[in-house]
Amino acid sequence: MNTAPAETSAISFISDVFGRQKKQAEVLRSEPVAARKKRLKALAAWIKTNRSLIQQAIYSDFRKPEVETDATEIFAVLTEIGHALANLDGWTKPRKVDAPITMVGTRSTITYEPKGVCLIIAPWNYPFNLSVGPLVSALAAGNCAIIKPSELTPHTSAIVARLCAEVFDDSVVAVAEGGVEVSQHLLSFPFDHIFFTGSPAIGKVVMQAAARNLASVTLELGGKSPVIITPSVRLRDAVKRIAVAKFINNGQTCIAPDYLLVHESVIDDVVKALKAETVKLFAVDGSFERSSHYARIVNEKHFNRLSALVDDAIARGANLALSGAVDAATRFMHPVIMTNVPRDARIMDEEIFGPVLPVISYSSLAGAIEYINQKPKPLAFYIFGSNKKEQQEILHKTSAGAVCINDCAIHFLHPNLPFGGVNNSGIGKSHGYYGFLAFSNEKPVLRQRRGFTSVQFFYPPYTHGVKKIMNWLIRLV
Ligand code: NAD
């Protein structure tokens, strides 16, 4: 194995910490809920005290504006903690269920036990939120966890490591920094649950590794999230909401609008208004490069990948409605809005994950739906238009991880909604109660009465009487 020194030490540390977490998980299993709350409160306190360190780290990684970090990383995680603290007593309470006629006399509850030792593998694009957010759910459910943050955002990974070292004993929460080698080494351990956020391609690698130990998985993946804009769109609202969701974080958002499918009757107005709104929101004195509201591409590899996607589309005949100079040295990429994009361009096939927005037109809603349904199921689907009949038609004829009507991406911040994809865009759900469930084993506990029980009607020997009761029951159900 060709491994960097930091990775070598992470690798030797993993086996030791995994063993200690296995033992500690048994202690955590019988702890009162108050102990979980104490951990969550300590986590929130550290984040509040060290808010500027988190902002600086993410700025150093890809020049993300402070307020964006506040809104999409710090506020999002603190909301998750606050929601868990407010609801944990209710979530953990054993839930009574009624007995059917065949179980008269029994009493049953569903209890929620921690899964045990969990692995959280995070991506780089919301490097704090997507490492610490799942940790909140893991701790709320009473687990131990090892976090593997992304190697592409090293400053934020170091902050996540520092946070965990200062707040938790590593027998409860530990961080293994490093790249693919560290991730693969972690995946060789028999974790009780693996929570992975990243690309569909690596999601498959993780699921294969999990299968070796039959570990359960939550896979938060990506893909192309489409926007349909119908003729009944309220233009001013739509372009503002789309521009923010697309260009925030420099377009590097799993639920960013990937492409727009716009009805031909409104496409010219949409493109014109979207250009104006993008400049108004993100540029300063007409410059995106000098703007402090506009982040950067995470690394050279992604900068080159995005440039190649744009070049390929242009070579195939796409027009640039909005574009400008780029700077490879600082990984500055001007927002790009392109029209007339041929449907066989690479940009219409791969997840874009950057500040490039193809706009294509449709003439019939059925055709637009068919186009979307030919692609893998998206993580998010956005519909703009006030026509309820069209909204219903799109909702019923397509499949997606989530749908927002007349807005984009804000469902991520709604604590009462499950977040996640479907098939290629993900398996399982996260956030709030759904995150708690992902890290819990829903364990039914059935208590039987003393003496004769209703199921004894069906015990052998299978007499005429038993058969008669069985026939009666089968007719009844
Ligand atoms: P990625 O899949 O390349 O990497 C994610 C993590 O997996 C990193 O920590 C990385 O070190 C690790 N990894 C990479 N290759 C590995 C391998 N061969 N074996 C084991 N581990 C490996 O993803 P990324 O580039 O960091 O993030 C972008 C992707 O994540 C996009 O597809 C985006 O849509 C998706 N995403 C999804 C969500 C969501 O909530 N559904 C959120 C953010 C990002």
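Since this is a predicted model, take the numbers as computed values, not measurements.

Outline the pairing of strand β4 (residues 144-148), listing residues and values.
Of all 5 residues in β4, 5 are buried, a share of seventy percent or more. Pairing of strand β3 (residues 117-121) with β4 involves 5 bridges; the strand directions are parallel. By the bridge assignment for β4, leucine 119 is matched with isoleucine 146. Handedness of the β-α-β unit built from β3, helix α5 (residues 129-140) and β4 comes out right-handed. Examined bridge by bridge, β4 and strand β5 (residues 173-175) share 3 bridges and lie parallel to one another. Each bridged residue has a counterpart across the sheet, and for isoleucine 146 the counterpart in β5 is alanine 174. One crossover worth recording links β4 to the parallel β5 by way of helix α6 (residues 154-167), and it is right-handed.

Mind laying out the site of the ligand, listing which residues take part and the relevant values?
Neighbouring the ligand are 28 residues; Ala122, Ser183, Ser199, Leu221 and Glu351 lie closest to it. Side-chain polar atom of tryptophan 124 to an oxygen atom of the ligand: 2.9 Å apart, as the coordinates give it. When isolated, the ligand has an accessible area of 850 Å², and the protein chains bury 90% of it. Every element with two or more residues in the shell around the ligand is listed here: α7 (180-187), β6 (193-197) and α8 (200-213). Here the shell around the ligand takes 4 residues from α7, the largest share from any one element. Taken together, the residues that form the shell around the ligand break down as 16 nonpolar, 8 polar and 4 charged. Both domains that furnish three or more residues to the shell around the ligand are identified here as domain 1 (7-221 + 428-441) and domain 2 (226-415).

So what's going on with unusual backbone geometry? Which residues, and what values?
Residues proline 460 and proline 461 are joined by a peptide bond in cis, for which omega reads 0 degrees. Structurally, proline 461 is set in the loop between β16 (440-447) and α15 (464-476). A positive phi angle, close to 60 degrees, is found at asparagine 249, a residue other than glycine. Assignment of secondary structure puts asparagine 249 in the loop between α9 (235-247) and β9 (259-263). Of note, aspartate 285 is a non-glycine position whose phi angle comes to about 50 degrees, a positive value. Its relative accessible area of 75% is what places aspartate 285 among the exposed residues.

An account of the domain arrangement of the chain is needed here, citing residue identities and associated values.
Split by domain assignment, the chain resolves into domain 1 (7-221 + 428-441) and domain 2 (226-415). Placing a centre on the C-alpha atoms of domain 1 and another on those of domain 2 gives a separation of 31 Å. Each side of the interface is counted separately: domain 1 has 21 residues, and domain 2 has 24 residues. In this assembly, domain 1 packs against domain 2 so that about 1900 Å² is buried in total across both faces, 57% of it on carbon and sulfur atoms. It is Phe62, Arg63 and Trp124 that lose the most area in domain 1 upon contact with domain 2, and together they represent 29% of the buried surface on that side. If you look at where domain 1 meets domain 2, you find 0 salt bridges. Inspection of the domain 1/domain 2 interface yields 8 residue pairs in polar contact (both at pLDDT 80 or more). Counting residues per element, the side of domain 1 that touches domain 2 draws most heavily on helix α4 (residues 66-92), at 5 residues. Its residues assigned to classes, the side of domain 1 that touches domain 2 comprises 9 nonpolar, 7 polar and 5 charged.

So what about the environment of asparagine 50? Which residues, and what values?
Topologically, asparagine 50 is positioned in the loop between α2 (33-49) and α3 (51-62). A relative accessible area of 12% means that asparagine 50 is categorised as buried. Between the C-alpha atoms of asparagine 50 and isoleucine 159, which are 109 residues apart in sequence, the distance is 9.5 Å.

Explain the pairing of β9 to me, using residue names and the numbers behind them.
With 5 of its 5 residues buried, β9 lies for the most part within the structure. Along β9, one buried face is formed by Tyr259, Leu261 and His263 and the opposite face, lined by Leu260 and Val262, is buried too. Both strand β8 (residues 226-229) and β9 contribute to a ladder of 4 bridges, which runs parallel. Note on β9: the bridge partner recorded for isoleucine 229 is valine 262. Read from β8 through α9 to β9, the crossover connection turns out right-handed.

So what's going on with the packing of aromatic side chains? Which residues, and what values?
Here a ring pair, both rings aromatic, is described through the centre-centre distance and the interplanar angle of the planes. The final tally for this structure, using the stated rule, is 17 aromatic pairs. Geometrically, the ring pair formed by phenylalanine 18 and phenylalanine 189 is tilted, given 5.1 Å between the ring centres and 45 degrees between the ring planes. With phenylalanine 18 in helix α1 (residues 5-29) and phenylalanine 189 in the loop between α7 and β6, this residue pair connects regions lying 171 residues apart in the sequence. A relative accessible area of 7% means that phenylalanine 18 is categorised as buried. Relative accessible area serves as the criterion here: at 14%, phenylalanine 189 is assigned to the buried category.

Definitions and limits used
- Residues numbered from 1 in each chain as written.
- Predicted model: local features only at pLDDT ≥ 70, side-chain atom pairs only at ≥ 80, totals over all residues.
- Heavy atoms only, no water.
- Buried < 20%, exposed > 50% of the residue type's maximum accessible area, 1.4 Å probe, protein only.
- Helix = DSSP H or I, 4+ residues; strand = E, 2+ residues; numbered from the N terminus.
- Pairing = 2+ DSSP bridges.
- Right-handed = clockwise from strand over helix to strand, strands pointing away.
- Near = heavy atom within 4 Å.
- Polar contact = N/O pair within 3.5 Å; in protein donor to acceptor, adjacent residues only side chain to side chain.
- Areas by Shrake-Rupley, 256 points an atom, 1.4 Å probe, with all protein chains shown as cover.
- Nonpolar A, V, L, I, M, F, W, Y, C, P; charged D, E, K, R; others polar.
- Domains from an automatic or database assignment.
- Contact = heavy atoms within 4.5 Å.
- Buried area = accessible area lost by both parts, 1.4 Å probe.
- Salt bridge = Lys/Arg side-chain N within 4 Å of Asp/Glu carboxyl O.
- Phe/Tyr/Trp six-rings, centres within 6.5 Å; stacked < 30°, edge-to-face > 60°.

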